[in-house]
Structure formats: C-alpha cells, structure tokens
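What the coordinates show
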Amino acid sequence: MSKIKNYFKNEQSHNLIASLLAVAIGLVFGFIVILAIKPQFVLSAFALILKGGLHDGLRGIGNVLFNATPIIMTGLSVGFAFRTGLFNIGVTGQFTVGAFTAIYVGVNWTFLPPGFGWIVGIVLGALAGAIWGLVVGALKAYRNVNEVISSIMMNYIAVYLVNFLIMRTAFDAQYSRTLPPKNAYLPRMGLDTIFPNSSLNIGIIIAIISAIVLYIVLEKTTFGYELRAVGFNRHASRYAGINETRSIILSMMIAGGLAGLGGALMYLSDVGIYMTTLYGLLKEGFDGIAVALLGQNNPIGIIFSGLFISQITYGGNNLQLFRLEPEIIQVITSAIIYISALTVFLRGVIGKLTRDKKSGGKES
C-alpha cells in the first residue's frame, strides 16, 4: 500500500521528467537538422533559438509573453478536455468564432462606454467558443458521436461562417481583412512601460489567471472531480450518481470557452493583427495541442510549455540571419509533439526504473 502511495506521490515528478525528455529530444533533433543543412552556422543558430526573446532584451521578452497568450489559452482548452476524457481537436474552430465575435464587438458596438468594450469583447468571445463547444458536447452526450469527427467538421463550419460574416459586418475592402476593433482594444496596464516597445498587454495576465482557476477547479472542487470521473469511466460515473450527460456537455463548453477567450485576447490587441478571409484553419488551435501535450495537460504546466514554445518560435524567426528557414522551429515542435505523445510510455519507464532502484536498494 505504501508503495502505491509513493508512486502516485511521485507521479508529478515523473510527468516533469517525461516533458523535459521530450524537450531535450526535440531540441537534439533540431540541432541535427541544422547541422545537416548549415553545419557552419549550427552552434550560432541553435544558440539563437534557445535565447529566443532574450536576444532582444525586455522588448523580446514582452513579445514572447504576448505570443504565448493565445497558445496558452488553446493549450488549456485541449488539456482541460483531455483531463475530462475528451479530445478537443475542434479548438481552432472555437478560437475562430471567439476571435470574430470579439472583433465584431470592437468594430460595431460603438455605443459601449470607454473602457468596457474589451470586457464585453472577451466575455462574448468566450461565450461564442462555449456555444461552438456545446454542439460537439451535445452530439457526444446524446448521440455518442465521436468528438474528434464532429469537432473537425465544426472547424470548417467555423471558417466558412466567419468568412461570410466578416464580409458582411467587419470587412476592410482596401486590405482584404477585418476592420480594426478600436472600441475593444485590450489595455496594457503599464506592461508597455515594463517591457518597452513590445506588444504585451493584459492578455497574458488573463491567461495565467485562467490557468490557475482551471487548476483549482480540476483538482480542488467536487465539480472538477465529477468531470474527471466521467472522463475516466462514464459508465461507472453514472452508476455512482454523476450526471454524465451534463458533465460531457459542460466539459466541451468550458473547453470551447477557453479557446474562444484565446481568440479574443489575440485579435483585440492594438498591434496590427487582423483576421483575413483566407480559407484556412488558424494555427493557434493546433499549437494548443502541442502546448497541452508538453504540459502534460496540467494547467500550470501548460503555462510553462506555452512560454517555451513561444520562446523558441521567437528565436526561430531570426534564423534568416543564417540563411535558414524559420520553419525549422516547426520541425522541432513536431518532434516534441511526437515524443510528448509517448509520455504515458515514458512515465511508465521512469516509474519502473524508480521502483526497481528502490527495490534493489532494499534487497542489498
């Protein structure tokens, strides 16, 4: 019994080691790729990747935090759903509808008092994402439709619907993009003074608070326990008196709301980021999958994994100094994703090695 308790007590440390292994293997793979392409620049280029935002001082650090905000939110969306037994691959669709809703508020709701537009924008953006997640959750709860299939379909519905709505309500024909949401820009709250000349705003603070609240809900509340219990075994949960239908729907609504909030935080920034009418899926949703996997679906871990992905991506954008393509970062990230997907295996190996070491010590 004591061995079992000790194992679960050390589970978080096993998760951390597994994530660090995934990062190390991904970075080594990236190093090998650069070595094969430009061996003369391999050390300098790799150092630039690791330095990331530090290369540009406080401005770079601020931009790393800014770029981490949306992928932390989409990572929380994927991670939360996964902790409750669902794979929210529809996060990019929820992100898209949340982003457009926030932009619509900033462009068209000029009647809002100054200082309230951004609050209304992020609240309605989160609500739009939650409604998009509700559809997937209801199909899963009532008709047992696989959420992967339905959420992929909802992604493309979101893209085409939002393109149509942009053209009708918030289109800037001169630049083929959305009009600037001037009435709902996020405040900077002095962060532009701490990180001068950066794009940072209050969004990163909202993302961190969201992660902390999500951690408390999942780990410290009865509601969170019920959601996780349904994820482990919906049939056993029903036998125990938990309303599985309600839990599945709420799980997808919360996941969708987090993604929608991420879209609002990204596009309500006064830094020249606009939605266009290109018929493609926004990458932030898929980046969230990588962030969630690397963070072991733990809300606090997702904060750090989001910052790490943003850090190396910022550094990768400067690889052109060595005539290297910044897509090398995507290669590194992809390698990390593949390794992170094996974390169950890695945790098992680490746990076995730990137990073998302890038992070996006792036998000796």
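The rules behind the values
- Residues numbered from 1 in each chain as written.
- Predicted model: local features only at pLDDT ≥ 70, side-chain atom pairs only at ≥ 80, totals over all residues.
- Heavy atoms only, no water.
- Axes fitted to C-alpha atoms, helices over the stretch in contact; angles between N-to-C directions.
- Helix = DSSP H or I, 4+ residues; strand = E, 2+ residues; numbered from the N terminus.
- Parallel < 35°, antiparallel > 145°, perpendicular 65-115°, else oblique.
- Contact = heavy atoms within 4.5 Å.
- Expected span 1.5 Å × (residues − 1).
- Buried < 20%, exposed > 50% of the residue type's maximum accessible area, 1.4 Å probe, protein only.
- Arc of directions from axis to C-beta.
- Phe/Tyr/Trp six-rings, centres within 6.5 Å; stacked < 30°, edge-to-face > 60°.
- Lys NZ or Arg CZ within 6 Å of the ring centre and 35° of its normal.
- Polar contact = N/O pair within 3.5 Å; in protein donor to acceptor, adjacent residues only side chain to side chain.
- Salt bridge = Lys/Arg side-chain N within 4 Å of Asp/Glu carboxyl O.
- pLDDT = per-residue confidence, 0-100.
- Core = buried A, V, L, I, M, F, W, Y, C linked by side-chain atoms within 4.5 Å.

**Side note on the packing of helix α10 (residues 222-232) against helix α12 (residues 244-267)**
The angle between the axes and the distance between the axes are what describe a pair of packed helices. It is the contact of α10 with α12, at a shortest axis distance of 9 Å, that shows an interaxial angle of 105°. Overall, the two elements α10 and α12 adopt an arrangement that is roughly perpendicular. Contacts between α10 and α12 involve Phe223, Glu226, Leu227 and Val230 on the former and, on the latter, Glu244, Arg246, Ser247, Ile248, Leu250, Ser251 and Ile254.

**Structural notes on helix α9 (residues 203-220)**
Here α9 spans 25 Å end to end across 18 residues, near enough to the 26 Å set by a 1.5 Å rise per residue. Regarding α9, the residues found buried are Gly203, Ile204, Ile206, Ala207, Ser210, Ala211, Leu214 and Leu218. The arc that holds the buried residues of α9, viewed along the axis, is 155°, so those residues lie on one side. The inward-facing, buried residues of α9 contact α4 (57-83), α6 (117-143), α8 (191-194), α10, α12 and α14 (299-316).

**Brief notes about the packing of aromatic side chains**
Tallying each qualifying case throughout the model produces five aromatic pairs. With centroids separated by 5.3 Å and ring planes inclined at 90°, the aromatic side chains of phenylalanine 31 and phenylalanine 46 adopt a geometry described as edge-to-face. With a gap of 15 residues between them, phenylalanine 31 in helix α2 (residues 11-37) and phenylalanine 46 in helix α3 (residues 42-51) connect regions that are remote in the sequence. The class of phenylalanine 31 is partly exposed, set by a relative accessible area of 28%. Given the relative accessible area of 16%, phenylalanine 46 is considered buried. On the basis of an interplanar angle of 65° and a centroid distance of 6.5 Å, the ring pair of phenylalanine 95 and tyrosine 267 is categorised as edge-to-face. Here the residue phenylalanine 95 occupies a position in helix α5 (residues 91-108), and tyrosine 267 occupies one in helix α12, the gap between them amounting to 172 residues. A relative accessible area of 0% means that phenylalanine 95 is categorised as buried. On the basis of relative accessible area, tyrosine 267 is assigned to the buried category, the value being 4%. Here the basic side chain of arginine 177 rests over the ring of tyrosine 175, its NZ or CZ set 4.4 Å away from the ring centre.

**Description of helix α7 (residues 147-169)**
Over its 23 residues, α7 extends 31 Å from the first C-alpha to the last, a length consistent with the 33 Å expected when each residue adds 1.5 Å. All of the buried residues in α7 are Glu147, Ser150, Ser151, Met154, Asn155, Ala158, Val159, Val162, Asn163 and Ile166. Looking at the buried residues of α7, the elements they touch are α5, α6, β1 (171-172) and β2 (177-178). Among the residues of α7, the N-terminal cap falls to asparagine 146, whose side-chain oxygen and the backbone nitrogen of valine 148 are separated by 2.8 Å.

**Some thoughts on unusual backbone geometry**
Apart from glycine, the bulk of residues carry a negative phi angle, and the bulk of peptide bonds sit in the trans form. You will see that asparagine 144, though not glycine, has its phi angle at about 55°, which is positive. One non-glycine residue, serine 176, lies in positive phi territory at about 55°. The topology assignment puts serine 176 in the loop between β1 and β2. Residue classification places serine 176 among the partly exposed positions, given a relative accessible area of 39%.

**Observations concerning the pattern of salt bridges**
Taken as a whole and assessed by the stated rule, the structure comprises seven salt bridges. Here glutamate 226 and arginine 246 are joined by a salt bridge, their closest N and O atoms 3.8 Å apart. Of this pair, glutamate 226 sits in helix α10 while arginine 246 sits in helix α12, and the two are 20 residues apart along the sequence. Of the residues examined, glutamate 226 reaches a relative accessible area of 22% and is grouped as partly exposed. In this structure arginine 246 comes out as partly exposed when scored by relative accessible area, which is 39%. Where lysine 283 meets aspartate 287, a salt bridge forms, and the shortest distance between an N and an O atom there is 3.3 Å.

**Section: the confidence of the model for the protein chain**
Keep in mind that low pLDDT regions are not for reading the predicted coordinates in detail. The share of residues in the protein chain with pLDDT of 70 or more is 90%, and the mean pLDDT across the chain is 89. Ignoring residues within four places in sequence, the model shows residues 1-5, a span with pLDDT below 50, making one contact including any to other chains.

**Quick look at the nonpolar core**
Formed by 86 residues in total, the largest nonpolar core has its most connected members in Ile72, Leu76, Ile122, Met275 and Ile332. When residues of this core are assigned to their parent elements, the largest contribution, eleven residues, is made by α12. Dropping the residues within four chain positions of it, isoleucine 72 is found in contact with Ile204, Ala207, Ile302, Ile303 and Gly306.

**Regarding the side chain of glutamine 311**
One can find glutamine 311 in helix α14. Residue glutamine 311 is classed as buried on the basis of its relative accessible area of 16%. At 2.7 Å, the side chain of glutamine 311 and the backbone oxygen of lysine 51 are in polar contact. Excluding its chain neighbours within four sequence positions, the residues that come into contact with glutamine 311 are Ile49, Leu50, Lys51, Gly52, Gly53, Leu54 and Val64.

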